[in-house]
Structures are given as structure tokens and as C-alpha cells.
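# Reading the structure
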Amino acid sequence: MDDDLAEFRRLQFQPSRIPALDALEIFVPDGAPPDAELDELRSRTGHSRWYPVSGGHRVLVLYERGPFNADRFVLRKGAWAHEHCKRCGDRIPSMTLCWVSADDSYTILCEACHQLVAKAPTGPAA
């Protein structure tokens, strides 16, 4: 059995359609020193996305409530509009059928990878 598939076959998956979620946005200039405020927000969910733009990065931090500095961060409704398959890395747009682990690991698979994982492994003929 493919080791890659074995890792995922240990998990139970359930179908899901993940909605677009809110995010906090900030511009981080190239060469900027570490930003304690940004690091604190990122530590709340462990999720951020860094998009290269002229002169730095547009950073989105998944927002799940809580205080933030509105002078530095902009709340963008629905800006967290996709996830990535944990097996192949493909983009899964919000509200697209995907498969999420039933335990606390929060492993997400696209439909194609779930079909591979759900397919019974074939072994050597007896």
C-alpha cells in the first residue's frame, strides 16, 4: 500500500462544504522587523496566507473573533475563500464538496484524493 495513502486511511472522513471565512489583512513591507502584534494574531488559529505584492506582502490571517488593532488590521469579510487539500495541495474553493477528518486533526481532502483514500487497498493475490 502506498505510504502516502496509509497515513490518510487511518482517519475517518465526513463530507463538508466549508464557507468563506473572515480574515484580517495587513501589508508587511519587505525587510520589516518581526511584528509581535501580527505574530499574536497568527498564533490564535495558526493560519495565515502571505501574498507577494510590490514592496512586500499582503497578509491574511484567519479571523475567528477576538480583539484586534483596527488601526493596523482591516477585517475582510469572506476573504478566506479557499482551503488546500492536505494530500495533493490543490485549492478547494469555499462551498465545494470536500472531506474533513472526523477527529480533532482537521485534515481536509479534495474529492479526488478522498476517492483514492476511500478505495480499498489491493494486496498481493493469495
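Note that this is a predicted model, so its numbers are computed, not measured.

### Some details on the confidence of the model for the protein
Mean pLDDT for the protein: 92, with 92% of residues reaching 70 or above. Averaged pLDDT values for the elements of the protein fall to 85 in helix α1 (residues 3–9) and rise to 98 in strand β4 (residues 56–62).

### Brief notes about the packing of aromatic side chains
Each pair of aromatic rings is reported with the distance of its centres and the angle of its planes. Under the criterion given, the structure shown has one aromatic pair. Pairing tyrosine 63 with phenylalanine 68 gives two aromatic rings, centres 5.4 Å apart and planes at 80°, and the pair type is edge-to-face. On the basis of relative accessible area, tyrosine 63 is assigned to the buried category, the value being 18%. The side chain of arginine 49 reaches across the aromatic face of tryptophan 80, ending 3.8 Å from its centre.

### Section: the sheet that holds strand β8 (residues 97–101)
Reading across the sheet, the three strands line up as β1-β8-β9 and stay open at both edges, with antiparallel pairing between neighbours. What marks the edges here is a single partner per strand, and that holds for β1 (13–17) and β9 (108–109). With two bridges joining them, β8 and β9 adopt antiparallel strand pairing. Opposite tryptophan 99, over in β9, you have leucine 109 as the bridge partner.

### Focus: the sheet that holds strand β5 (residues 74–80)
The sheet built from four strands is open, its strands ordered β3-β4-β2-β5 with antiparallel pairing. The open sheet has two free edges, formed respectively by β3 (48–53) and β5, since each of these has just one partner strand. Ignoring which end each strand starts from, the neighbouring axes of this sheet average 35° apart. As paired strands, strand β2 (residues 21–29) and β5 are joined by four bridges and run antiparallel to one another. By the bridge assignment for β5, alanine 23 is matched with arginine 76.

### Things to note about the environment of valine 117
Turning to its location among the elements, valine 117 is positioned in helix α3 (residues 111–118). Separated by 58 residues in the primary sequence, valine 117 and valine 59 place their C-alpha atoms 33 Å from one another.

### Here we look at the environment of lysine 86
Of note, lysine 86 is situated in the loop between β6 (82–84) and β7 (91–93). The class of lysine 86 is partly exposed, set by a relative accessible area of 45%. Linking lysine 86 and cysteine 113, residues 27 residues apart in sequence, is a C-alpha distance of 9.1 Å. Apart from residues no more than four positions distant in its own chain, lysine 86 is found in contact with Phe8, Tyr106, Thr107 and Ile108.

What counts and what doesn't
- Residues numbered from 1 in each chain as written.
- Predicted model: local features only at pLDDT ≥ 70, side-chain atom pairs only at ≥ 80, totals over all residues.
- Heavy atoms only, no water.
- pLDDT = per-residue confidence, 0-100.
- Helix = DSSP H or I, 4+ residues; strand = E, 2+ residues; numbered from the N terminus.
- Phe/Tyr/Trp six-rings, centres within 6.5 Å; stacked < 30°, edge-to-face > 60°.
- Buried < 20%, exposed > 50% of the residue type's maximum accessible area, 1.4 Å probe, protein only.
- Lys NZ or Arg CZ within 6 Å of the ring centre and 35° of its normal.
- Pairing = 2+ DSSP bridges.
- Axes fitted to C-alpha atoms, helices over the stretch in contact; angles between N-to-C directions.
- Contact = heavy atoms within 4.5 Å.

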